[in-house]
Amino acid sequence: MEHNERLIKRRSIRLKEYDYSRTGAYFLTICTHRRQCLLGAMVDGRVILSSIGKIVVEEWLRSAEVRKEIELDAFVIMPNHLHGIVAIHGGEREIVSNCLEAGRRTIKPKTIGSFVSGFKAAVTVRANELRGTPGKSIWQRNYYEHIIRSEKELNRIREYIENNPLRWQIDRENPDRKTSQVRSTIEDDDLYPWED
């Protein structure tokens, strides 16, 4: 009973009144269960992917093939999470930046939530087959998304994704980072420049 009560009281991180099936570009962060470094390890500012990390890359790329309503942009796999830009659209494929300007569509696409759910499920099945651990959690329950609203913001997020491995020591998802050290050297505004 206690478990169910916690689920009921959990606060939604989704933007109220926003239609997550509408055409748009989204910045996603998806973390592993309990932020375990299952996807790889950092070596000299580069991520060396584990077998599960390689599955994540394969399923991420495959997502655009099997889900015609999405288009993938920049992404990076980190030891315990991934960052990626995903565009969702209702018609013919467009480049991600065009989704920022898109008007109403006649065909309603699937939601960003259904994309994340399908992606996480595909990775989980394959990872558990590999490890011989059926039913074991790979991902944390939810995910973080940010609606990209401008070309400037899109470019800042692309740069953040590209430089993310070099910033692992100060990444808030790094289980070994020292918060006091981060605070003294860099502000959160510098870490997440698109958040105003």
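Every value quoted in this text rests on a predicted model; they were computed, and no experiment measured them.

Peer 1: Is there a simple way to explain the sheet that holds strand E5 (residues 81-88) in this structure?
Peer 2: Picture the strands of a sheet paired through backbone hydrogen bonds; they go either parallel or antiparallel. The 4 strands are arranged E4-E5-E1-E6 in an open sheet whose pairing can be described as antiparallel. Edge positions in the sheet fall to strand E4 (70-77) and strand E6 (144-148), since each of these pairs with one other strand and no more. When strand polarity is set aside, the average angle formed by the axes of neighbouring strands in this sheet is 20 degrees. As defined by bridge partners, strand E1 (residues 24-31) adjoins E6 across 5 bridges and the pair is classed as antiparallel. Paired with Phe27 across the bridge in E6 is His146. Most of the contacts of helix H4 (residues 112-131) go to E1, to which it runs at about 35 degrees, and overall it touches E1, E4 and E5. On top of the sheet, helix H5 (residues 151-163) reaches E1, E4, E5 and E6; it is set at about 150 degrees to E5, its chief contact.

Peer 1: Got a minute to help me understand the packing of aromatic side chains in this structure?
Peer 2: For any pair of aromatic rings, the description consists of the separation of the ring centres together with the inter-plane angle of the planes. Within the structure shown, the criterion is met by 6 aromatic pairs. Geometrically, the ring pair formed by Phe27 and Tyr160 is edge-to-face, given 6.2 Å between the ring centres and 90 degrees between the ring planes. Of this pair, Phe27 sits in strand E1 while Tyr160 is found in helix H5, placing the two residues 133 residues apart along the sequence. Both residues of the pair, Phe27 and Tyr160, count as buried. Ring centres of Trp60 and Phe75 lie 6.0 Å apart, and the angle between their planes is 40 degrees; on these two criteria the pair is classed as tilted.

Peer 1: Which parts of the structure should I look at to understand the side chain of Glu59?
Peer 2: Positionally, Glu59 belongs in helix H2 (residues 51-66). Residue class for Glu59 comes out buried when judged on its relative accessible area of 6%. For Glu59, the side chain forms a polar contact with the side chain of Arg126, separated by 3.0 Å. If sequence neighbours within four positions are ignored, Glu59 has contacts with Phe119, Ala122, Val123 and Arg126.

Peer 1: What am I meant to see in the environment of Val86 here?
Peer 2: Within the secondary structure, Val86 sits in strand E5. Accessibility expressed as a relative area gives 0% for Val86, which makes it buried. Along the primary structure Val86 and Leu28 are separated by 58 residues, whereas in three dimensions their C-alpha atoms are 7.5 Å apart. If we skip the residues at most four places from it in the chain, Val86 touches Gly24, Ala25, Tyr26, Leu28, Trp60, Ile70, Glu71, Leu72, Ile112 and Phe115.

Peer 1: I'm lost on the side chain of Lys120 in this one. Help?
Peer 2: Residue placement: Lys120 occurs in helix H4. Of the side chains with opposite charge, Glu145 lies nearest to the buried Lys120, which makes no salt bridge, at 11 Å. Among the polar contacts listed, one links the side chain of Lys120 to the backbone oxygen of Asn142, at a separation of 3.2 Å. The residues contacting Lys120, other than those within four sequence positions of it, are Ile30, Trp139, Gln140, Arg141 and Asn142.

Conventions and cut-offs
- Residues numbered from 1 in each chain as written.
- Predicted model: local features only at pLDDT ≥ 70, side-chain atom pairs only at ≥ 80, totals over all residues.
- Heavy atoms only, no water.
- Pairing = 2+ DSSP bridges.
- Helix = DSSP H or I, 4+ residues; strand = E, 2+ residues; numbered from the N terminus.
- Axes fitted to C-alpha atoms, helices over the stretch in contact; angles between N-to-C directions.
- Contact = heavy atoms within 4.5 Å.
- Phe/Tyr/Trp six-rings, centres within 6.5 Å; stacked < 30°, edge-to-face > 60°.
- Buried < 20%, exposed > 50% of the residue type's maximum accessible area, 1.4 Å probe, protein only.
- Polar contact = N/O pair within 3.5 Å; in protein donor to acceptor, adjacent residues only side chain to side chain.
- Lys, Arg positive; Asp, Glu negative; His and termini not counted.
- Salt bridge = Lys/Arg side-chain N within 4 Å of Asp/Glu carboxyl O.

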